[in-house]
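Understanding the architecture of this molecule
What follows is each chain in one-letter form.
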Amino acid sequence: MARAQRKAAASEPGHGSASGAAAASAAHGFTVRHYCQGIGDCHLLSFPREGGGRYFVLIDCGVHFLVKGGADTMREVVADIARTTKRIDLLVVTHEHMDHVSGFVSAAEAFKDIHVEEVWFAWTEDPNDPMARELDRYKGRAMAALQVAGARLAGLSRPGAHLDALGKGLAQVMGFYFGAAGDNVRRARNAARDLAQGKVSYRQPGEGPLALPGVAGVKVYVLGPPREPALIRVEERASELYGLAGGSGMAQALLGCSAGGDGVAEDDGSPFDPEIGWPLAEILPLAGGAKPPKPAELPDRKAAALVDLLHAHYAGPAVQGRGKQAPAADQSWRRIDGDWLGVSADLALQLDRGVNNTSLVLAFEFGDRRVALFVGDAQVGNWLSWQGLEWQDGAVTGPDLLKRTVYLKVGHHGSHNATLKAKGLELMNDPDLSAFIPVNEGDAKDIGWKEMPFTEIIDALKRRAGGRVVRADEPWLASGAIPATLAGSGSLRAARCKAGLWVEFDIA
């Protein structure tokens, strides 16, 4: 979807307008505005207050840094929020990924015009929780190790096809932790926390029902993330996934590698003392030329034999084969100095999915017991943990909330392991079910994700929700011509959009 096609003329009044959704949703439940910034989440909910006015909830605000023009888009998004309301009663930050929090730094100036009353995080971000602190230390070490691996991959000469592809894949995942301007996810998360000026709550699974002050008939249940470390680590389970799913190992090797004061990686697993030998970064440039350097040009006379060896059999130019007509043989196949970095792929995936499983998951229940479910980027372990949750002496359970769900914010841009099967979507059997997927398939392909959204997930959603499955890259969003099937159908009572920027629904 071409973002240049955004134009206000294609929009109808939004939920900051007295003549728009504010009046409509007062009779129907709530209004949700989904911003369509690409690979990222930002959702503005509003509920009618008993004494008049609106209660606003903002869930996340970010975009993946590899999305072209993403930072500018987030400034446009926050400016639109500021035009809609000058007060966010509740800010919900689901988890520590840049595509959910980048806007808190890239659009910090625009947020200065908005009062934030309170912020909710998951327990995993609580600095006073021992388990959260341990998880935080792991994330910090993993991010530092991946930075080292990324720098080493970028600095390799003639890395070969495998390591070149690995470097690109690592950059994709690192986009969840580092922004285009060098901002990191920790700074963005803290910027969101500071907006509330100390009114911060860290939510636990099974907590609730919680009230929204001044809003009648709405209860909020906290489903995830789980407290069990084993469930946070569960990324995939074949019986619960749509289609085929690949696996990833549990890589720990890179956690022992961090950047030293001189910028050189210190490898705790090395069998040799660091003063023995020479860093390859120093010796390979000497060995890789057309001719080996003279002894006087070497850092040490003892290096001469090593440089000669590397020049002749490892890093030097192509070697002429035997016979006058024999072609020169490339020596790059001998190179192994970057192969150890291959474990960074597993570590990156482990870190990425583990953080997704720390997503804060909220179910909003209305007076008629219908439920709107916002799952963040929860993956398999998070979803499985809801099965045993109970509230009000068992009157409300996790599976019960899923069965009563009429509106779903689909997790992780529709990826293969962020919507469960038997213990997830197949429990959502209400005929009024509707769903929104914050995904732009073109952006996903540009970044390098070939199956986002996952076809089997899309098909399953459509089987259960009919034509009420909306993606952020729907062609009709560019023109503002909302399909008739999205008005007065299922849980959707009205729909509006601002072409290319947001789509908004009144939910019954």
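In what follows, the structure referred to is the one given above.
Here the residue numbering is sequential within each chain, running from 1 through the sequence in written order. This being a predicted model, a pLDDT of at least 70 is required before a residue's local features are given, and a value of 80 or more before pairs of side-chain atoms are given or counted; all residues contribute to the totals for chains, interfaces and linings. Based on all heavy atoms of the structure, the side-chain values leave hydrogens and waters out of the count.

What to know about the pairing of strand β20 (residues 434-437)
When a strand is regular, its side chains alternate between the sheet's two faces. What you see with β20 is no split at all: S434 and F436 on one side and A435 and I437 on the other are buried throughout. Any two strands with at least two DSSP-identified bridges between them are counted as paired. Strands are runs of DSSP state E lasting at least two residues, helices are runs of H or I lasting at least four, and both sets are numbered from the N terminus onward. Two elements, strand β19 (residues 405-409) and β20, share 3 bridges in a ladder whose sense is parallel. Bridged to Y407 within β20 is S434. With 3 bridges connecting them, β20 and strand β21 (residues 469-471) associate as parallel partners. Bridging across to β21, A435 finds its partner in V469. Only protein chains enter the accessibility calculation, which uses a 1.4 Å probe; a residue is then buried when its area is under 20% of its type maximum, exposed when over 50%, and partly exposed in between.

Quick look at helix α2 (residues 70-84)
With 15 residues, α2 ought to run about 21 Å at 1.5 Å a step, and its terminal C-alpha atoms sit 21 Å apart, in line with that. Burial in α2 covers these residues: G70, T73, M74, V77, V78, D80, I81, A82 and T84. Under the convention used throughout, the expected extent of a helix is 1.5 Å for every residue step, that is, one less than its residue count.

Looking at the pattern of salt bridges
By definition, a salt bridge exists where a carboxyl oxygen of Asp or Glu is found within 4 Å of a side-chain nitrogen of Lys or Arg. Here the structure, examined in full by the defined rule, presents 29 salt bridges. Residues R186 and E96 are paired through a salt bridge, measuring 2.3 Å at the closest nitrogen-oxygen approach. Of the two residues, R186 is situated in helix α8 (residues 185-194) and E96 in the loop between β5 (90-92) and α3 (98-101); the sequence distance between them amounts to 90 residues. Two residues, R186 and D136, come together in a salt bridge whose shortest N-O distance is 3.3 Å. Pair noted here: R186 is in helix α8 and D136 is in helix α6 (residues 130-155), with a separation of 50 residues, a long-range link. Residue R186 is classed as buried on the basis of its relative accessible area of 18%. Salt bridges sharing common partners tie together R33, D80, R83, R496, K498, E504 and D506.

Quick word on helix α11 (residues 303-313)
Among the residues making up α11, those that are buried are A303, V307, L310 and H311. An end-on view of α11 places all buried positions within 100° of arc, on one side of the element. Here the arc refers to the set of directions running from the helix axis out to each C-beta atom.

Some remarks on the packing of aromatic side chains
Between rings of Phe, Tyr and Trp, where Trp is taken as its six-membered ring, a pair exists when centres lie within 6.5 Å; planes separated by under 30 degrees are stacked, by over 60 edge-to-face, and by other angles tilted. According to the stated counting rule, one finds 10 aromatic pairs in the structure shown. Every member of this aromatic cluster is reached through a ring pair, and the members are F30, F47, F364, F366 and F374. Between R33 and the ring centre of W502, over which it is positioned, the NZ or CZ distance is 3.9 Å. Look at NZ for Lys and CZ for Arg. If either is within 6 Å of the ring centre and within 35 degrees of the ring normal, a charge sits over the ring. Taking the ring centre of W123 as reference, the NZ or CZ of R227 above it sits at 3.9 Å.

Quick notes on the sheet that holds β20
Pairing in this open sheet of 7 strands is mixed, and the strands run β9-β10-β15-β16-β19-β20-β21 from one edge to the other. Lying at the two open borders of the sheet, with one neighbouring strand each, are β9 (210-211) and β21.

Points about unusual backbone geometry
P209 follows G208 through a cis peptide bond whose omega is 0°. Tracing the chain through its elements places P209 in the loop between β8 (200-203) and β9. Its identity as a non-glycine residue notwithstanding, D60 has a phi of 65°, on the positive side. The residue H413 is not glycine, and still its phi comes out positive at about 60°. Among the structural elements, H413 can be located in the loop between β19 and β20. For H413, a relative accessible area of 0% translates into the label buried.

The analysis is restricted to geometry; functional conclusions fall outside its scope.
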